[in-house]
Amino acid sequence: MADIVLETRGVTMRFGGVNAVDGVDFSLRRDELRCLIGPNGAGKSTFFKCLAGMLTPSAGEILIDGQETTGWHPHEIARLGIGIKTQVPSVMDGLSVRENIWLAALRVLGRQGADGAVADALERLDLGDLAARPVGRLAHGERQRVELGIVIAARPWLVLLDEPAAGMTADEIERLAAVIAEIGRQAAIIIVEHDMQFIRAIARTVTVFAQGRILMEDHVDAVMADPRVRDIYLGKKG
Amino acid sequence: MSGRPDIGATLAVLVVFTLLALVAPAVLETYTLTILLIYGLLAMSLGLVWGFGGILCFGQAAFYGLGAYSYAIAAINLGESTLPFVLGIVVPFLFAGVLGAMMFYGRLSDVYLGVITLVVTLIFFKFMNSTAGPEYAIGQARLGGFNGIPGYQTLNVPGDPDAYIFGDDFYYLVVAIVLVVYALLRWLLASPFGRVAVAIRENEARVELMGYDARLRKTALFAVGGAVAGLAGTLFANWAEIVTPGLFSLGQSAEIIIWCIVGGLGTLVGPFVGAMLLGYLKFALGQQALIDNTLVLGLVLVLSVLLLPRGVVPTLGQWAGLARRRRPRRAPRRRLRPARGGADG
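Residues numbered from 1 in each chain as written. Chains lettered and ligands numbered in written order. Predicted model: local features only at pLDDT ≥ 70, side-chain atom pairs only at ≥ 80, totals over all residues.

Draft legend 1. Representation of the overall build of chain B. When helices and strands are tallied, chain B shows 13 helices and six strands. When the backbone C-alpha atoms are referred to their principal axes, chain B occupies close to 70 × 50 × 45 Å. Buried positions account for 47% of the 345 residues belonging to chain B. The long-range fraction of contacts in chain B, counting pairs at least 24 apart against all pairs at least 6 apart in sequence, stands at 75%. (Helix = DSSP H or I, 4+ residues; strand = E, 2+ residues; numbered from the N terminus. Buried ≥ 20, exposed ≤ 12 C-beta atoms within 10 Å, placed from the backbone. Contact = placed C-beta atoms within 7 Å.)

Laid out in structure tokens, this is it:
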């Protein structure tokens, strides 16, 4: 149990009479990369927001590195050393690419270390040519990369990514897979994703959500071959 | 980006301002120039919290009035201006800090924030108007209700109550204060604290996800804005030699917002210039009785919003940038600066 870095016990999130997340027990090991998949409305993004502190669960508890973080604010969760990328690119449009990433590195590494971390992130994400551009003028895929740069510049040990490949070109997705593999050498990762090809390229273990609960958890190949997974994606009764 | 202010631009602004301040007394009386500078300082305080922190405060007049009243009350009780001058800055700073903490830690949305700051100002206005009786006194200082507080010790050389600073000396002191405040605010905005404050304006949720406590930083920025407004109020108390509840009025609050809109947000120079221009216009219109000056100010605001939606100073900056780009051989190409992100001017 010592290498479990994230654990949830009976996490439930109610909106009115609807249980968007319904008693989810989940755990993640220190060296693990886990994909959360499921059809729209399955509860994976709501569960993700509970982990990131963007929503406070109605019931249950969340433990990060053995510390109960249920109900913590996002900045308190991030200060534990957790990098968070949201579903819709959340960046500072009026600031340059460089400054977006610099601000993330600054908090963790201070002024001395921030410039180096920015240069590293710009190179890894191939953002060097765009460094001086205001983020508000970039294409969607480029904004996704900037947000990923914000995440990796802070050198996190646990990374939460919500649909990082959405809106990216094939080339960008290929580069993203390589970056995620590299991050995975130093950090545990949870990725919420829809793109099955991308999931096949990066994932080993996959957790499938359906109707707010975990339907199954297994190796990616086993999950893809499971008829229940095909059924929920095709809209049949799961 | 790395926390160093744009020293060249800051120095250029300081030099131009100093030269204009030295030449201006040849055109206008220092008495009038002084109040215009005080208005400029007040506008800069809102320009800081609104233009850089994204906090639209409808009640900047509350801190202005609080600074003026704090100075007047302390000056009557102490008979010397040094400590009252400090209190005129510290009291609004602390009040803005407490008010800001209540609003930002309470996670109030922008609309409620505007409503609360406006209501606080109106409470001050109402309360100060109803303090005519002798029971409303702090030490020897009677609050005076609608008539306000006159007859207090005005600014003197520290330690020498008989050495008054007034007239041209007071004007040059205000010029020096404006220079120092501008330089300090530029430094603050270029510091990591200032850059994070601008980032909060751009996307508060993202800044929180980076691990910064946005509530704390917004509270601190709001308090600094309150302190600068309080400083302007303290200077006003010394210029007018009387403080009245009118300092807390709705008209005063609205005027500060109009100065910022006309001058241009996202810069410190913009609100300052807006206040100087409109303050002078108000002064000039006050010399005649043909047209109601609030009508003219309203017209200026409407025209400004329609013709110069970004404000006077950012538009002039844009034109200057365009002119530079038309001469690429002579001028080296400059780095593109974000439209809303930088700590320009």
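Draft legend 2. Local environment of the overall build of chain A. A count of helical and extended segments in chain A gives eight helices and 10 strands. What you see for chain A is a C-alpha radius of gyration of 18 Å, in line with the 18 Å of a compact globule of 238 residues. Each of the 238 residues in chain A was classed as buried or not, and the buried ones make up 48%. Counting only contacts in chain A whose residues sit at least 6 apart along the sequence, the fraction spanning at least 24 positions is 64%. (Rg over C-alpha atoms; globule rule 2.2 N^0.38 Å.)

Draft legend 3. The arrangement of the sheet that holds strand β9 (residues 205-210) of chain A in detail. Residues and elements named next belong to chain A. Spatially, β6-β7-β8-β3-β9-β10 is the arrangement adopted by the six strands of the open sheet, whose pairing is mixed. Both edges of this open sheet fall to β6 (82-85) and β10 (213-219), since each of them pairs with a single strand only. Each adjacent strand pair in this sheet contributes to an overall mean axis angle of 15°, direction not counted. Across the face of the sheet, helix α4 (residues 140-153) comes into contact with β6 and β7 (158-162) while running at roughly 175° to β6. (Pairing = 2+ DSSP bridges. Axes fitted to C-alpha atoms, helices over the stretch in contact; angles between N-to-C directions.)

Draft legend 4. View of the sheet that holds strand β4 (residues 59-64) of chain A. All names here are of chain A. Ordered in space as β2-β1-β4-β5, the four strands form an open sheet in which the pairing is antiparallel. The open sheet terminates on both sides in strands that have one partner only, identified here as β2 (18-29) and β5 (67-68). As paired strands, β4 and β5 are joined by two bridges and run antiparallel to one another. The partner of Leu63 across the bridge, within β5, is Glu68.

Draft legend 5. Region of the structure containing the pairing of β4 of chain A. All names here are of chain A. Bridge count between strand β1 (residues 4-15) and β4: five bridges; the pairing is antiparallel. Within β4, the position partnered with Thr12 by the bridge is Ala59. Hairpin connection of β4 to β5: two residues between the antiparallel strands, including Asp65 at a positive phi of 50°.

Draft legend 6. Inspection of the confidence of the model for chain B at higher detail. All names here are of chain B. For chain B, per-residue confidence averages 90 on the pLDDT scale, and residues scoring 70 or more make up 93% of the total. For residues 331-343, every residue scores under 50 in pLDDT, and the model assigns this stretch 24 contacts once sequence neighbours within four places are set aside. Scored by ipTM, the complex comes to 0.90, with pTM at 0.89. (pLDDT = per-residue confidence, 0-100.)

Draft legend 7. How the structure looks around the interface of chain A and chain B. If you look at the interface, chain A gives 27 residues, while chain B gives 23 residues. For the side of chain A that touches chain B, the secondary-structure elements that each account for two or more residues are α2 (74-78) and α3 (97-124) of chain A. Counting residues per element, the side of chain A that touches chain B draws most heavily on α3 of chain A, at nine residues. Among the residues making up the side of chain A that touches chain B, the classes are represented as 14 nonpolar, five polar and eight charged. (Nonpolar A, V, L, I, M, F, W, Y, C, P; charged D, E, K, R; others polar.)

Draft legend 8. Local environment of the packing of helix α11 (residues 269-285) of chain B against helix α12 (residues 293-307) of chain B. Residues and elements named next belong to chain B. Packing of α11 against α12 brings their axes to within 10 Å, and their N-to-C directions diverge by 150°. Considering the angle they form, α11 stands roughly antiparallel to α12. The handedness of the crossing between α11 and α12 is right-handed. Across the interface between the two elements, Leu278, Leu281, Lys282 and Leu285 from α11 touch Asn293, Val296, Leu297 and Val300 from α12. Here the contact of α11 with α12 is built from residues that sort into six nonpolar, one polar and one charged. (Parallel < 35°, antiparallel > 145°, perpendicular 65-115°, else oblique. Left-handed = near helix turned anticlockwise from the far one by under 90°.)

Draft legend 9. How the structure looks around the domain arrangement of chain A. Residues and elements named next belong to chain A. Domain annotation for chain A reports domain 1 (1-81 + 156-238) and domain 2 (89-154). If you average the C-alpha positions of domain 1 and of domain 2, the two centres end up 24 Å apart. The interface of domain 1 with domain 2 comprises 11 residues on the first partner and 11 residues on the second. (Domains from an automatic or database assignment.)

Draft legend 10. Up close: unusual backbone geometry. All names here are of chain A. Residues other than glycine seldom take positive phi values, yet Asp65 does so here, at roughly 50°. Here Asp65 lies in the loop between β4 and β5. For Gln211, which is not glycine, the phi dihedral falls at a positive 50°. Along the chain, Gln211 falls in the loop between β9 and β10.

Draft legend 11. Spatial organisation of the pairing of strand β3 (residues 33-37) of chain A. All names here are of chain A. With five of its five residues buried, β3 lies for the most part within the structure. Neither face of β3 is left uncovered, since the one carrying Leu33, Cys35 and Ile37 and the one carrying Arg34 and Leu36 both have all their residues buried. Two strands pair when backbone bridges link them, and β3 and strand β8 (residues 188-192) are joined in this way by four bridges, in the parallel orientation. Residue pairing across strands places Leu33 opposite Ile189, the latter belonging to β8. Where β3 meets β9, four bridges bridge the pair, whose relative direction is parallel. Pairing of Arg34 across the sheet is with Thr205, part of β9.

Draft legend 12. Highlighting the environment of Cys50 of chain A. Residue and element names in this part refer to chain A. Checked against the element boundaries, Cys50 lands in helix α1 (residues 44-52). With 39 residues separating them along the chain, Cys50 and Val11 place their C-alpha atoms 8.5 Å apart. Contact partners of Cys50, with chain neighbours within four places excluded, come to Val11, Met13, Val21, Leu55, Pro57 and Ile62.

Draft legend 13. Inspection of the packing of helix α3 (residues 60-78) of chain B against helix α9 (residues 214-240) of chain B at higher detail. Residue and element names in this part refer to chain B. Where α3 meets α9, the axes come as close as 7 Å, and the angle between the chain directions of the two elements is 50°. In this view, α3 runs oblique relative to α9, as classed from their interaxial angle. As for how α3 packs across α9, the hand of that crossing is right-handed. Residues Gln60, Phe63, Tyr64, Gly65, Leu66, Gly67, Ala68, Tyr71 and Ala72 of α3 form the contact with α9, whose participating residues are Gly226, Ala229, Gly230, Leu231, Ala232, Gly233, Thr234, Phe236 and Ala237. Classifying every residue of the contact of α3 with α9 gives 11 nonpolar, seven polar and no charged.

Draft legend 14. Fine view of the environment of Asn293 of chain B. All names here are of chain B. Its location among the elements puts Asn293 in helix α12. Spatially, the C-alpha atom of Asn293 lies 16 Å from that of Gly274, the residues being 19 residues apart in sequence. Excluding its chain neighbours within four sequence positions, the residues that come into contact with Asn293 are Lys282, Leu285 and Gly286.

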